[in-house]
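Structural overview
What follows is the residue order along each chain.
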Amino acid sequence: MEMFSFRPSFHPLTGAALIALLPSGALADLTAEDVWASHQAVMAALGGTVAAEPERVDDRLVLDGLEITWQLPDDLGHVLLTTDGYQFLDRGDGTVSVLYPDGFDYELTVHLADGDTLEIGRLRMEAERFDVLASGAPEAITYEMQSVNAKFHFWGRYAPPAGAIEPGFTTAFDMVITMADMSQSTTVTLSDLVDIRATYRYGEMMSKIVEDAADGIGEGTSQSASAQADISLTLPRDGVAVTNPAIALRQGARVAIDSSGGQTSSTQTVTQDGTVLRSIQYKVDELASRFAMDQTALSVHYAGSNLTGSYEQPGVLPVPVAGSLGAFSFDMDLPVAAGEARDARMQLSLADVVWDDALWAMVDAGGKLDRGPASFALDVSAKVNSIVDSFDFPAVIAGLKAGERLAEVGEVALHRLALTALGADAMADGAVTLDYSDMESYPGMPKPVGAFDVTLTGVEGVLAQLTAAGLVSEQQVTGVRMMLGSFARPDPEAEGTLRSQIELNGEGQVLANGMRLR
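The structure reproduced in this document is the subject of the present report. (Residues numbered from 1 in each chain as written. Predicted model: local features only at pLDDT ≥ 70, side-chain atom pairs only at ≥ 80, totals over all residues. Heavy atoms only, no water.)

**Some points on the pairing of strand S25 (residues 447–457)**
Of the strand pairs in this sheet, strand S24 (residues 424–435) and S25 are connected by 11 bridges, and their pairing is antiparallel. Within S25, the residue paired with Gly430 across the bridge is Phe452. Pairing of S25 with strand S27 (residues 497–504) involves 8 bridges; the strand directions are antiparallel. Residue pairing across strands places Thr455 opposite Arg499, the latter belonging to S27. (Pairing = 2+ DSSP bridges. Helix = DSSP H or I, 4+ residues; strand = E, 2+ residues; numbered from the N terminus.)

Below, the structure is given as structure tokens:
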């Protein structure tokens, strides 16, 4: 059974949909009809078809209800979002208030072509205060939203798949999210494209969820301090084809989402008949993330500090898996457009990794191993030539069926590979080029040509620890020393340091310090 993640995510489509339905300076007169037209334009850009019949009543434009339909690919059916009615109030000063009832309801369903209807869930929004003011010009409307003690209640119930109930299949869920205060400023600009720029801020947030499944009941709680997000989303006026997003990307679609937050903690537990089956707990001081994509590239960043956590599964794991991370980060930049070779890069860093003593005791009861903080770092880049657009799904599927290459990696550079553990260090760097004209030297892959430099420090100390802990024998240690001696040489200027240059030459050979290994 999978528990939800309680960290609020800022997915481009989800965020933009909420911006449109819960929109967050006045330079020109606006009318209620202008604001309603802006709402419709955003929904159309998100691929939805809007059904509503607003009625002008004095100084208000009144919607009794709203339906938005998204067609599923291959004529499978459609997704339907229905909401309660709301109103647009002309304030008489060129601005418009968007008025929502206390207890504003949403319902999401899937209607399949064979006649079946799946209820995905319902959402009710309540708040002590929820103010939305629209200002600006019809082609560039700014929404300012303020709320106090907002509550979002999301629930649903599902029938199991035909046949047997599969373990882990969620049959019901109930989630409540509360926010002490929330503010949002959103500008929607209409031209050949629909451009949405939103800044989102909230104070302390708490959430609780209960899930029912065949293998148990899952309960989770989380709490986070203040957080913020900045969203930039640009879409074609006629929407995005989910089966081929590359079309919209070529027309100028793009998205960028930056979010950050303070301390967050979470506990998720699965029980069956009152017995704990598994439990996850974590706490992190700071989190920051970025997601960006346009026609040429996709970029992801995620980082945090002071993460502590544990995973417990009684009856399966003898002790909880617990530890901490001083800091962590992940960065990835990938080209997605066909054409000339472009840069790709991936970086991963884990600093001050510490495992709980109970875990160490399972392999080192006598405390012979160095339990100091470990670390890992990877930094690698490449030149990538995409043969087809990555998000042109029909072209990708056709290429896979035909057994064609979808991309070629010309050069790979290892800027840094570093591992520190058990009091020892291992480092490597180097670069290779890939020769696609030779797929035989290394069967099934292009021939790499280049070299890597490898440095090992403290190996003898690690071998001594492993022997003292009884994890390896003296005979095994002797074998390791012989293996190391075959491709690594002692550094005469640094005691306890071994160095090796691994060369992959044009003849398909692999050499270590000039000695052929392959």
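**Points about the pattern of salt bridges**
Tallied over the entire structure, the rule returns 21 salt bridges. With its nearest N and O atoms 3.5 Å apart, the salt bridge here joins Asp230 to Arg201. Here Asp230, found in strand S14 (residues 227–236), pairs with Arg201, found in strand S11 (residues 193–202); they are 29 residues apart in sequence, far enough to count as distant. We classify Asp230 as partly exposed; its relative accessible area is 28%. Counted as one network, the salt bridges with shared partners bring together Glu33, Arg56 and Asp90. (Salt bridge = Lys/Arg side-chain N within 4 Å of Asp/Glu carboxyl O. Buried < 20%, exposed > 50% of the residue type's maximum accessible area, 1.4 Å probe, protein only.)

**Section: unusual backbone geometry**
Positive phi values are uncommon outside glycine, yet Asn306 reaches one of about 55°. Relative accessible area serves as the criterion here: at 41%, Asn306 is assigned to the partly exposed category. Non-glycine residue Asn513 carries a positive phi angle of around 50°. By the secondary structure assignment, Asn513 is in the loop between strand S28 (510–512) and strand S29 (515–516). Look at Asn513 and you get partly exposed, because its relative accessible area is 21%.

Purely geometric numbers; function is a separate question.
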